[in-house]
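Fold and contact review
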Amino acid sequence: MAYRRSLSVWASLAGTIVIWLVLVGPLITLVAKIQPSQIISALRAPGAFTPLGVSVGSAIIALGFLVLVGTPLGYVLARSSWRGVRLLEAGMLLLLLMPPLVIGLLLVFMLGPLTPLGLALGSIHLSATNTFFALVVAEVYEAAPYYVLGAQSAFVGLDQGILDQASLLGDTPRQRFFRLSLPLARPQLTSSLAIAWARAIGAFGAVIIIAYHPYGLPMQVWTTLNEVGLARALPFALVLLVVSLPLPLFAYTWSRRARG
Amino acid sequence: MFRHVMLVLSIALVAALALAACGSTSSPASSSQTSAKHEVANVAYAGSLQLLNDQTIGPDFSKASGYGYVGRGAGSFGLSKEIAAGEITPNVFESIGAAPITQLEPSKTSWYVSFASSPIVIAYNPTTSYAPTLKLISQGKLPLARVFALLGSRGFLLGRTNPNTDPQGQAFYEMIELAVKRYHLPTSQVAKILGQPDNPAQVFSETSLEARLGAGQLDAASAFESQAIQLHLPYIKLPASINFGDPRLARVYASASLKLANGSVVHGVPLVVDATIIGHHDLRASVAFLRYQLDTAGRRAFTNAGYTVFRPIFVGSDIPASVKQQAE
C-alpha cells in the first residue's frame, strides 16, 4: 500500500514537471539558444537601447493613464447598481476577446489622420500614426481590459459590511472610495497593474498597425527578424523579458503577502 | 485524487503535443518518405502573393493534383533569412525579385524560375482632396510628371513599405529616383518626396499599409498593380522604364540604388515573381506545385489577379527536368 502511494506521489510530481516544462518550454528554448556573445553583440549595435527606452517610457505613460481612468471605471463596474453597467462590462470583455491586430485595424478607422478624431488630434498637433503617442494609444488598448476587469474584480471582493459602517459613520462616497475601497483593493489592483504592464510593454498586434515607428522592443524584435534573421532578434526578446518580468513578479509577491 | 488528475492531465498534454506534431506540416526530409497523397506543397511566399496563393492557386492546385497545400506569406527577405537559418522548412519558395532566393544558394537551392511580374503603381485614395488631380493624371489628361510634384507637396500623406525588409519598399524608393531622372526634376525632389529611406511619416508594415489604403487614411501609397486591382483601389500606372515590371529592363532598373540601414547598398531589380524548390530533394508535391503555376490554369490565375505573365525564364543549374519541360 505504502509502495503504491509512493509511486503515485512520484507519478504526480513527474506529471506536474512535464506540464510545467511543456508550458515554459519556449522560455527555456530562448535562454538555451542565446549565446552571451550574441546578446553583447546585439546590444552593442548603435541605437540598440533606444527601443528599450521607447518601450519603458510608453508603457509607463500607458499605465499611468490606465490607473487614472481604469480604476474608477473598474469601481463603477463593480459597485454600481445601474442596469446599463453590464453593457459597459460587455464592452471591456469584447476588448479583451478581440485579437490585438484587429484592435489596431479598427484604430486606423477611428484615429487615422483623415477621420474626424484624427483631424481633431491634428489640430492640437498630435497624430495617432507612427508616433510615440500612437504607441501609447496602442498599448492602452491592448492593456486596458486586463487592468479594468482586474480592478472590477478587486472592488467586487470588498467587504460590504465595512463599507456600510463607514456610510453610517458619515463618510461620503468619495471619502469611502479613497479611505476604504482603494486601500483595501490595493493588493489586487497591484496584481492587475502588473499584468497590464506586461501586456503594454509586450504589445505588438495593434502596435504594428498604428505605431510601426518609433520602434519599441517588440517591433525591434520583428524588424530585426526580418532584416537579419532570428539569431539577431532573440537577444532583444530576452531584453524584453528581463525588463517586463520584475514588476509582475514583485507585484505578485507583494500582493500575496498583503493578502496574507 | 489530485495526483491522479495531474498524471492524467500530463499524459493527455504529451499525447496532444505528439498528435499536433504528427499533424503539422512535414519537413522536406521526412515528407519525402511519406506516400504521395500525404505529400504537401509547403510554400513560403512574398506577402503580396497571399490572397492569390491561399484563396485561388493553393486550393485549386490541391483539387487538381491531390497533393496538400500549406502557405505562409511574409516579407521575402525575412522568409529567406528564416529558411537559411532552418527556422522554417518550406519546400517551395516564391519571392518578389530573385535576391531573396540567391541568398539561399548554394546550400538550399541552385536555380529559380521567373514567370510573372507585377509592376509598381501609385494607388490613391478616391476620397482625398488630391483625388481629382490624381484621377486626371491616371487618365493621361495631365502629364505623369505632375504626380511627382504632388507627392512632394506639403501635407501630402504618402505611404510605403520598409525598404530594409521589403522588395516593394526598395523598388518604390528606387522608382522615385528613376522618375526624377526621367522627368528632369531637381535631384532634391527624391528627398522631398521620400525623406530618409525608413521615414517614420511614410513607412508602414505591409499589413498596415493595405489597411490604411483600404480605410482611406492616406492620400496615396505604393502598391503592386495586382494589389491595387485586388483591393479595388484606383491607381496611376507608371511607364515600364520606372515601374520595375519588365525583366528586359533590368539594366535600367539597376541604375537606381539605395543604402539600407545595415549599410549595404542595393540596386534596383525587376519585380518579378521568382520561384524555386528548397532543398536538393525534389518532392513530387513541390514539383507539381511549380508545374501547376507554370501551366495554363496557374498562369490564368496570375493574369486574373493583375499580374503580367511571361514565358518562364530559368536561371541557375540542376533545374528539375519536369519543371523545365512544363515551361516548354
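Another point: the sheet that holds strand β4 (residues 111–117) of chain B. All names here are of chain B. Strand order across the open sheet formed by six strands is β2-β1-β3-β12-β4-β13, with mixed pairing between neighbours. For this open sheet the edge positions go to β2 (68–74) and β13 (308–316), each flanked by a neighbour on one side alone. Looking at each pair of strands side by side, their axes are set apart by 20° on average, direction ignored. Relative to strand β3 (residues 92–96), strand β1 (residues 40–46) runs parallel, the two sharing three bridges.

Moving on to the interface of chain A and chain B. Opposite the 34 residues of chain A that make contact, chain B presents 32 residues. The largest per-residue losses of area from chain A upon contact with chain B belong to A:Leu114, A:Asn226 and A:Glu227, which jointly make up 19% of the total buried on that side. Taken together, chain A and chain B are joined by zero salt bridges. In this structure, the connection of chain A to chain B is made through 12 residue pairs in polar contact (both at pLDDT 80 or more). Tallied by class, the residues present in the side of chain A that touches chain B amount to 20 nonpolar, 12 polar and two charged.

A few words on the packing of aromatic side chains. Residue and element names in this part refer to chain B. This structure, assessed with the given rule, holds 16 aromatic pairs over all chains. Ring geometry for Phe 148 and Tyr 183: centres 5.8 Å apart, planes at 25°, overall stacked. Of the two residues, Phe 148 is situated in helix α7 (residues 145–151) and Tyr 183 in the loop between α8 (167–182) and α9 (188–194); the sequence distance between them amounts to 35 residues. Following the ring pairs from residue to residue traces out a cluster consisting of Phe 61, Tyr 67, Tyr 69, Phe 289 and Tyr 292.

This next bit is on the side chain of B:Glu225. All names here are of chain B. Position of Glu 225 relative to the elements: it lies in helix α11 (residues 225–230). Among the residues examined, Glu 225 registers a relative accessible area of 9% and is labelled buried. A polar contact is formed between the side chain of Glu 225 and the side chain of Lys 237, at a distance of 3.4 Å.

Glancing now at unusual backbone geometry. Residue A:Pro214 is bonded to the preceding A:His213 through a cis peptide linkage, with omega at -10°. Summarising the element assignment, A:Pro214 is placed in the loop between α10 (205–210) and α11 (217–228). A cis amide bond, omega 0°, links B:Glu105 with the succeeding residue B:Pro106. Looking at where B:Pro106 falls in the secondary structure, it is placed in the loop between α5 (99–102) and β4. Here A:Asn130, not a glycine, exhibits a phi torsion of approximately 50°, which is positive. By the secondary structure assignment, A:Asn130 is in the loop between α6 (116–123) and α7 (132–156). The exposure class assigned to A:Asn130 is buried, which follows from its relative accessible area of 7%.

To continue, consider the nonpolar core. Residues and elements named next belong to chain B. One finds Ile 122, Val 147, Phe 148, Leu 151, Met 175, Ile 176 and Phe 302 to be the most contacted residues of the largest nonpolar core, which totals 70 residues. In terms of residues, this core owes the most to one element, α8, which gives eight residues. Ignoring anything within four residues of it in the chain, the contact list for Met 175 reads Ile 120, Ile 122, Phe 148, Leu 238, Ile 242 and Phe 244.

Let's shift gears to the sheet that holds strand β7 (residues 203–204) of chain B. In any sheet, the strands associate via hydrogen bonds between backbone groups, in a parallel or an antiparallel arrangement. Residues and elements named next belong to chain B. The five strands are arranged β7-β6-β8-β5-β9 in an open sheet whose pairing can be described as mixed. The open sheet terminates on both sides in strands that have one partner only, identified here as β7 and β9 (235–236). Sheet topology places strand β5 (residues 120–124) next to strand β8 (residues 220–224); five bridges connect them, and they run antiparallel. Bridge pairing in β8 links Ala 123 to Ala 221. Contacts from α8 reach β5, β6 (158–161) and β8 within the one sheet, and its direction differs from that of β5 by about 90°.

Moving on, we get to the confidence of the model for chain B. Residues and elements named next belong to chain B. Counting all residues, the mean pLDDT for chain B is 85, and 87% of those residues have values of 70 or more. This model gives residues 21–35 a pLDDT under 50, and the stretch forms 16 contacts once residues within four places in sequence are excluded. In the predicted assembly, ipTM is 0.73 and pTM is 0.79.

Basis of the calculations
- Each chain has its residues counted from 1, following the order in which its sequence is written.
- Think of it this way: whatever chain is written first is A, whatever ligand is written first is 1, and the rest follow in order.
- Where local features are concerned, this predicted model is filtered to residues with pLDDT of at least 70; where side-chain atom pairs are given and counted, the filter is 80 or more; whole-chain, interface and lining totals use all residues.
- Side-chain metrics in this entry use all non-hydrogen atoms of the structure; hydrogen atoms and water are not considered.
- Here, any two strands with at least 2 DSSP bridges between them count as paired.
- Under the scheme used here, helices are H or I runs from DSSP no shorter than 4 residues and strands are E runs no shorter than 2 residues, and both carry numbers assigned from the N terminus.
- Every axis in this analysis is a line fitted to C-alpha atoms, fitted for helices over the stretch in contact. Angles between the N-to-C directions lie between 0 and 180 degrees.
- The contact definition used throughout considers only heavy atoms, calling two residues in contact when any of these lie within 4.5 Å.
- The term buried area refers to how much accessible surface (probe radius 1.4 Å) is lost by two components on association, counted for both of them together.
- By definition, a salt bridge exists where a carboxyl oxygen of Asp or Glu is found within 4 Å of a side-chain nitrogen of Lys or Arg.
- N or O atoms within 3.5 Å of each other form a polar contact, as long as, within protein, one can give a hydrogen and the other can take it, and as long as residues adjacent in sequence are counted only when both atoms are side-chain atoms.
- Lys, Arg, Asp and Glu make up the charged group, whereas Ala, Val, Leu, Ile, Met, Phe, Trp, Tyr, Cys and Pro make up the nonpolar group; the residues left over, Gly among them, are polar.
- Whether two aromatic rings pair depends on their centres lying within 6.5 Å, for rings of Phe, Tyr and Trp, where Trp uses its six-membered ring; planes under 30 degrees apart make the pair stacked, over 60 edge-to-face, and the rest tilted.
- Per-residue accessibility, obtained with a 1.4 Å probe over protein chains only, is compared with the maximum for each type, and a residue is labelled buried under 20%, exposed over 50%, and partly exposed between these values.
- Here, the term nonpolar core denotes a set of buried Ala, Val, Leu, Ile, Met, Phe, Trp, Tyr and Cys residues that are joined through side-chain atoms within 4.5 Å.
- The quantity known as pLDDT measures the predictor's confidence residue by residue, on a range of 0 to 100.

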